[in-house]
Structure formats: C-alpha cells, structure tokens
Amino acid sequence: MFSNHIQNGIETAKLVWSRIPTSEDGELDGVGLLSTSNGNAVDSLDYEVIENHAYREEQAQRGKLYVGYYVAVKWFFALLIGIGTGLAAVFINLSVENFAGWKFELTFKIIQKSYFAGFILYVLINFVLVFSSVYIITQFAPAAAGSGIPEIKGYLNGVDIHGILLFRTLIGKILGSIGSVGGGLALGKEGPLVHTGACIASLLGQGGSTKYHLNSRWPQLFKSDRDRRDLVTCGCAAGVAAAFRAPVGGVLFALEEVTSWWRSQLMWRVFFTSAIVAVVVRTAMGWCDSGSCGHFGSGGFIIWDISGAQEDYSFRELLPMAVIGVIGGLLGALFNQLTLYITYWRRNYLHKKGNRVKIIEACLISVITSLISFGLPLLRTCSQCPEADPNAGIECPRPPGMYGNYVNFYCGKDKEYNDLATIFFNTQDDAIRNLFSAKTIHEYSAQSLLTFLVMFYALAVITFGTAVPAGQFVPGIMIGSTYGRLVGMFVVNFYSKLNIEEGTYALLGAASFLGGSMRMTVSLCVIMVEITNNLKLLPLIMLVLLISKAVGDAFNEGLYEEQARLRGIPLLESRPKYQMRKMTAKESCGNQKVVSFPRVAKVADVVSILRSNEHNGFPVIDHSRNGETIVMGLVLRSHLLVLLQSKVDFQHSPIPNDPRGGSAPIRHNFSEFVKPVSTKGISIKDIHLTSDDLEMYIDLAPFLNPSPYVVPEDMSLTKVYNLFRQLGLRHLFVVPRPSRVIGLITRKDLLIEENEDSANVELQSTSTSWAD
C-alpha cells in the first residue's frame, strides 16, 4: 500500500515536470532585467492632468455634491485597502506559522526515534513547500517573484511595468510567500506584503480583474494614473503596517522610500489606511490568543517586545554602538554588491535556460538550506541549562515542537540545550525574538553566533533573486542581530560591572544592517521602535542608522535602487546628477527631430507617424496669419488611437471646425480616453481603416492638452529634472526664449477665496503689505 502511494506520487511529479516548458514563453521575467527595447515591458505613466475640452466639460458638469462623493469614495477605498491588506497578512502569517509548526512538530517527534528519518522528513517538507512556491511563480505569476518593492517604487516614480499589479500577481505573491517562507528559505514575507498591498489597492481602483471576471463597474471611479498612484501609495503603507504591526512606520516608509509625490491630503488617507490595518491585525491577534489559530506561536504578527531590556546605557557604550553602525554599513554594502553580481549572472546566464532551471535552482537552494540548518546543530555540543529565573518566564529546555529559547536538539541529558539549534529550529520571527531576548545572558556562544552569521549571510545572498517571492527585511534583521549580539557579548565581558543586555545590542545590530543595506533612516527607526515596544532605545537606533547609512553610501546605492537598475527600471532619483548643473534643456534634447502634428491632420499621416514612432506624446502646432508658429498643445498617442478606432471625428475638409480657434461639440466622454490598467490598451495594429478613411481629416484641437508644461531652452537641466520629477511629468516642452511677458503671478495671486454670495472668486483681502 505504501509503495503504491510512493509510485503514484512519483508518476504525478513526472507528469507535472513534463508540462513545465524548457524555455521562456515570452512572459515577464520577475527576477531579471525588464525588457525596454521592445517597448512592451516598461512604459511611462501619465500623472499630468490632460485638460482638453472633454475634461473641462466633464469638470464643468460636476457640482459640489459630486466632489463630496468623490472624496468620500477615496476614504472608503482607503478603508477597503486597509481591511484587504490586513486580511491578506493574517492569512499569510497563519499559513506560514502553521506550516512551520507542523514541520517542527513532526520533525521533533521523528528524531526521538531516528535523527536520519527526522532529517529526511525535514528536507522533504521544505522541498515540497519551496517547489510549490517556485512552480506557482514560474507557471502562473512570473511578476510576483522577488520582493516587488523596486517595481512598486518604479510605478510610483512614473514607470508602468506590465504585470506587476495584476490579480494573478496578487495570488502568486500570497501563495508563493507562504511556500518560500514556510519552506525555511533565507528570506522574508515583509517585502512581498508591500507588493501585496499595492496589488489590492490597484485592483480596487480598477474595479477588480476583467480577465477572471471578478470586476464591477461601480468602483471604477478612479480612471486616471494620478488617482491610481494615490491608491497604490496607500497599499504600500498598508503592507508595511501589516508586516511589522507598525502603522506609523508604514506611513513613513511610503513617504521616504517608495513615493516621489506627496501631499497633505494623501498623508491623511495613508495614515487612515495604516490605522485600519493595525486594527485588523490586532483583532486577529486577539482571536489567536484564544487558541483558534492551530500551530500559531508568538511569531507571525511581529512584535519583538524587549521592554524588559536594560533600562539605561552608559557613555562608554557609545563607542561599541558606533562600531555596530560601521559593521552594519560595511556588511550591508557588501550584501548589496554581492546580490547585484549574483542576480546579474543569474539573469544573463542561468535563467535564460528556461523555467525548469529556475525550479531546479530554487529546489537545490532549499535542500542546501535544509542540510545546513539541520546538520550544523548536530556538530555543536550541548550546553547546560542556566539556573531557572522565575521572573524571566523562560523554560530550559523548551518542550519539543514549541517556540521559545533553549532547544533540546541532539543532547544526551534532559537539562541541556543546543544554542545553534535555538536559532535554526525556529521560524525567523521566533529566532529573532530569541536573539533580542533579555535575561538570557550567556545563552549563545560566540562560536555558534559566528557560524550562524557566516552561513545565513551566504544563504541570504544566494537565495535573493531566485524565482520566489523574497523579502529582505527579516533576513537582514537576522544577520544584524547576530553580529550585534556578538558585540554585546564582548561589551558584557569588557564592562563587567555595567548592567548590559546582549539583546539590546542585537536590536542595534539589526537596525545597522538594514540601514547599511536599504539606506532608510526615519521610517526604519520608527519601525524598529514600534516592533520592539521600547522607546528608550530611540537615540541609540538613530545613532547606528546614521552611521551605517553614511558608511554604506560611501560604497554603493541602496538595495532597492541597485535592484531597480538591474531590472531596467528607469527611476528618477530625488537628487539630480552633478553634470546636469552644466547642461541646459536644449542640450539635453540633442539633435533629435521633433515629430509634430498640424491642428487638422490627415488620417493617413496620423497612422503613418504612429506606426513609425513609439512616442507617447506629440506637439500640435498651428500657424498664425503672419506665418508665426504657434504651439497649440500636446496630444497623446492613446487619445489618437481612440479617435482612429471610433472614426466619429473624421471630416472631409482640412479646414478646422472653428477657424477662430474654438472647437465643435465633443462626441466622446473623458472616460473613453482612459488607458486600462490590466492591459496595454489599444495598439495601432488593432485598428483597421479603409482607403476612404485614410483620406479623411481630424481636427485635434478638442482633444489636445492646451496647457502642457513648458521650459525655456536655456534653463539648467538641474531645474528641469526637479520640475519633471516633483510634478510627476511624462512630457516637457522645450521652447525658445519667449519674446514678451503678458503677466506675472505672485503669491497673492494664488491666495483666493470663494465669495459666499456669488460664484465669483475674489482675492483675499489682507492688511499685510505685499512685496511682489
């Protein structure tokens, strides 16, 4: 009977393996470079408001009631994003904790009889979980691989990467995270939760998924990239808040790390979303405390409470704490460089061989990780349990299969524990809690900590970049807390009379490594304070973060910036390059030929230009009676495709509808020009025109943006860069120096108020004397 089950399992595995393609099928590679040469994988987003006649007519028809409804729906969506992200985090956490709980419980039961049988079971469970994760990613949702933060950062920077916000990406991210983290790989679920929150926000904004028939029309109120950007920002903050139970840290993470655009109204909605996430997670924790969550331990919903740590610190401790910051900067920069090299090699040489190689790679790393985590503790000798401290509430050794300190693994006596197994035979959340714990002095030997540091650092480097959802927050905390505890052991031995806790130095080490790798400061500082519930350590965390970031910046950029560059995501960083100070806007344009349209364009010319150019926007020019060229505005490629497809605006005459510059009544709603989120929209190849259609004309005046942003040709490229990035632009006109000035706007011209008795807008009266 048992042999039949094994045979059936082998046959099933062979069938699944035979269906895996051996080469790429054209899907987006979620862990490698994004193709930019074909124009299909990476596109820009139109955050600028296109104020054409259709938009202005729609705005004129909207009253105060509609504006109130519009704002109310935004807040309602912020509520839904918080609830959805919180529930997704609860599901991921419970699944990971239960899979890990079953794994450790079965393993500890088997090793009571045979360590070899326990080892086989341990490796097999991890293998199955990791295989399920990589299979889902490679076959179902390739864009769900990696942490997703570089891609979301690119989206909020104005870069649209196809596939990163789809429904299947969301499902792949959730299920893949459960398999990869539950399978014991050296990665975390916190980065993928940020991507998960962004996907939930995007799907809510577009009304669901049209491909899987899970959509509704009523939520489709936010049809512009500008509104969707705000929703995705709320989703990013919700992901961090759900991952770390750090709502304020989530808001600051969105502000500091991923967004390029921010305003006070968005701050309020992001804060509200994070607060909702905190309520959902807290409710789930209360439910789990009643024992309704199966094998759920104290991990999962992260809070490493070290409020019982040392109450104060001495001035003499600042030097070793500064050393921790330097170590974090060096190891963090080295981690970024190594992952960059390995990911580059993996993309250009290994993953080009197909999905089977990706699956083999992830499964091989799973086996290696299981061998190391099970085998290394066998080589360590057990230590005698310390004397029981009734106030500490720590049992030595802990009961088999339970979370906590002091694991009895391969020990001959009852009152012994294996310090290396205490780190390896835990979920990462519980292992970090053990490293942070106070009142456990001398629990770990320096040799065990150093062994774990070297091995886990290497595993984290080679695991990052595999075709599974992979976050680096928790692995970074694991690495930093290990060497932080090592420094703490040295300080305890050197300053024998001071009240020093090794767990405090583990916390500082974790902060230093994250600062040296990810280069975050304010948001990371708040996150560390929130997840440790100890405000007294705030100055020390600030110190090590500043030092580690400064040291890391001397060698390379942050982890997400490096990975974004490797994936081909054209990010506009917050600071322009130094060379831009010596360049002008005209020089940056080079000798490129500007492709433009006349106001009334022939259909055949429009089709020809769209087929021969990949540009997204085209200037529309006209000529005055004296022959002077007039720039009328900017028309988008997507708008031209809508006009060509509908054909209702075709006319026989090349004369404008209104020669004085006006426009005929609009036959389109503004929503018709909106580009879908989940698809690439209309292509010129999808439009079929007859020979008679090609001889027709289109008056572009009603459909162009009459007020695009314009800069003079001699403006410095630094100012152009700041203007382009801060306003979230996609196009910027460069024009000759204007010949005359028709007016000058100062601050007082922008301070307006609505008159209660009429619809007119008047200048605010003030007694202040203005200096224009």
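Residues numbered from 1 in each chain as written. Predicted model: local features only at pLDDT ≥ 70, side-chain atom pairs only at ≥ 80, totals over all residues. Heavy atoms only, no water.

1. With respect to the overall build of the protein
The helix and strand tally for the protein stands at 26 helices and 16 strands. The 772 residues of the protein split such that 52% are buried. Of the contacts made within the protein by residues no fewer than 6 positions apart, 79% connect residues no fewer than 24 positions apart. (Helix = DSSP H or I, 4+ residues; strand = E, 2+ residues; numbered from the N terminus. Buried < 20%, exposed > 50% of the residue type's maximum accessible area, 1.4 Å probe, protein only. Contact = heavy atoms within 4.5 Å.)

2. Details of the sheet that holds strand E7 (residues 597–598)
Strand order in this open sheet of 3 strands is E7-E9-E10, and the pairing throughout is mixed. Strand pairing shows two members of the sheet lacking a second neighbour, E7 and strand E10 (629–636), which therefore form its edges. Note that strand E9 (residues 617–623) and E10 share 7 bridges and pair antiparallel. Counterpart to Ile621 in the pairing with E10 is Val631. Across the sheet, helix H23 (residues 637–646) lies against E7, E9 and E10, angled at about 80° from E10, the strand it touches most. (Pairing = 2+ DSSP bridges. Axes fitted to C-alpha atoms, helices over the stretch in contact; angles between N-to-C directions.)

3. With respect to the packing of aromatic side chains
All told, the structure shown has 22 aromatic pairs when counted by the stated rule. For the pair Phe244 and Phe473, a centre-to-centre distance of 5.1 Å together with 70° between the ring planes defines the contact as edge-to-face. One end of the pair, Phe244, is in helix H8 (residues 225–244); the other, Phe473, is in helix H16 (residues 473–494), and 229 residues separate them in sequence. With relative accessibility at 2%, the residue Phe244 sits in the buried group. The class for Phe473 is buried, based on a relative accessible area of 1%. Members of the aromatic cluster, each reached through a chain of ring pairs, are Phe104, Phe108, Tyr115, Phe119, Tyr122, Phe374, Phe409 and Phe425. (Phe/Tyr/Trp six-rings, centres within 6.5 Å; stacked < 30°, edge-to-face > 60°.)

4. Observations concerning a nonpolar patch on the surface
Residues Val67, Val71, Trp75 and Trp268 make up a contiguous nonpolar surface patch of roughly 400 Å² in combined accessible area. With 3 residues, helix H3 (residues 64–111) is the single largest residue contributor to the nonpolar patch. Summarising the element assignment, Trp75 is placed in helix H3. (Patch = residues over 30% accessible without salt bridge, like charges linked within 9 Å, V, L, I, M, F, W, Y side chains within 5 Å. Areas by Shrake-Rupley, 256 points an atom, 1.4 Å probe, with all protein chains shown as cover. Salt bridge = Lys/Arg side-chain N within 4 Å of Asp/Glu carboxyl O.)

5. Notes on empty space enclosed by the protein
Per the counting criterion, the structure on display carries 8 cavities of 30 Å³ or more. What the largest cavity holds in volume is close to 340 Å³. In terms of lining residues, the largest cavity is bounded by 30 residues, among which Gly184, Leu185, Asn426, Thr427 and Gln428 are the most central. Of all elements in the fold, only H3, helix H4 (115–139), helix H6 (167–182), helix H12 (355–378), helix H13 (419–424), helix H14 (428–436), helix H15 (446–463) and H16 reach the threshold of two or more residues within the lining of the largest cavity. Element by element, the count of residues in the lining of the largest cavity is highest for H3, at 5 residues. (1 Å grid on protein atoms, 1.4 Å probe; cavity = no way out; pocket = protein on both sides within 12 Å on 5 of 7 lines; lining within 4 Å. Points joined across faces, edges and corners; volume = space filled by probe spheres on them.)

6. Quick notes on the state of the cysteines
Counting across every chain of the model gives 1 disulfide. Sulfur-sulfur distance for the disulfide between Cys382 and Cys411 comes to 2.0 Å. Disulfide Cys382-Cys411: the torsion about the S-S bond is -90°, which places it as left-handed. Here Cys382, found in the loop between H12 and strand E5 (383–384), pairs with Cys411, found in the loop between E5 and strand E6 (416–417); they are 29 residues apart in sequence, far enough to count as distant. With a relative accessible area of 15%, Cys411 lands in the buried category. Considering cysteine sulfurs only, Cys234 is the nearest to Cys236, which forms no disulfide, with 9.3 Å between them. (Disulfide = S-S within 2.5 Å.)

7. Notes on the pairing of E9
The pairing of E7 with E9 spans 2 bridges and is parallel. Counterpart to Pro598 in the pairing with E9 is Ile621. Connecting E9 to the antiparallel partner E10 that follows it, the hairpin turn spans 5 residues, and Gly627 within it adopts a positive phi of roughly 90°.

8. So, the packing of H8 against helix H10 (residues 264–289)
Put simply, H8 and H10 touch, their axes get as near as 8 Å, and they point 35° apart. The chirality of how H8 crosses H10 is right-handed. Mapping the contact onto sequence places Asp230, Thr233, Cys234, Ala237, Ala238, Ala241 and Ala242 in H8 and Leu266, Arg269, Val270, Thr273, Ser274, Val277 and Val281 in H10. (Left-handed = near helix turned anticlockwise from the far one by under 90°.)

9. So, the layout of surface pockets
The computed volume of the second largest pocket comes to approximately 930 Å³. Lining the second largest pocket are 32 residues, and of these Glu557, Glu561, Glu573, Ser574 and Arg575 sit closest to its centre. Of all the elements in the fold, those that place two or more residues in the lining of the second largest pocket are helix H5 (149–157), helix H9 (247–258), helix H19 (538–553), helix H20 (559–566) and helix H25 (717–726). Residue composition of the lining of the second largest pocket, grouped by class: 12 nonpolar, 7 polar and 13 charged. (Nonpolar A, V, L, I, M, F, W, Y, C, P; charged D, E, K, R; others polar.)

10. Things to note about the UniProt feature "transmembrane region" (unreviewed entry) in the protein
With numbering matched to this structure, UniProt assigns "transmembrane region" (unreviewed entry) to residues 66–94, 114–137, 231–254, 266–285, 318–339, 449–467, 473–495 and 507–531. End-to-end, the C-alpha atoms of residues 114–137 are 35 Å apart, and along that stretch the chain is 96% helix and 0% strand. Here residues 449–467 runs as 79% helix and 0% strand, with 29 Å between its end C-alpha atoms. (UniProt positions renumbered as here; feature names shortened; annotations may be inferred.)

11. Details of H19
Its 16 residues place the ends of H19 22 Å apart at the C-alpha level, agreeing with the 22 Å of an ideal helix rising 1.5 Å per residue. By the burial criterion, the buried members of H19 are Leu540, Ile541, Val544, Leu545, Ser548, Val551 and Gly552. Viewed along the axis of H19, the buried residues span an arc of 140°, placing them on a single side of the element. (Expected span 1.5 Å × (residues − 1). Arc of directions from axis to C-beta.)

12. Points about the packing of H3 against H4
Helices that pack against each other are described as a pair by the angle of their axes relative to one another and the distance between those axes. Contact geometry of H3 with H4 gives a least axis separation of 7 Å together with a crossing angle of 165°. Between H3 and H4, the angle falls in the class roughly antiparallel. The two elements H3 and H4 cross, and the hand of that crossing is right-handed. Contact with H3, carried on its side by Phe99, Lys103, Phe104, Leu106, Thr107, Ile110 and Ile111, involves Tyr115, Ala117, Gly118, Leu121, Tyr122, Ile125, Asn126 and Leu129 of H4 and no other residues of that element. Among the residues making up the contact of H3 with H4, the classes are represented as 11 nonpolar, 3 polar and 1 charged. (Parallel < 35°, antiparallel > 145°, perpendicular 65-115°, else oblique.)

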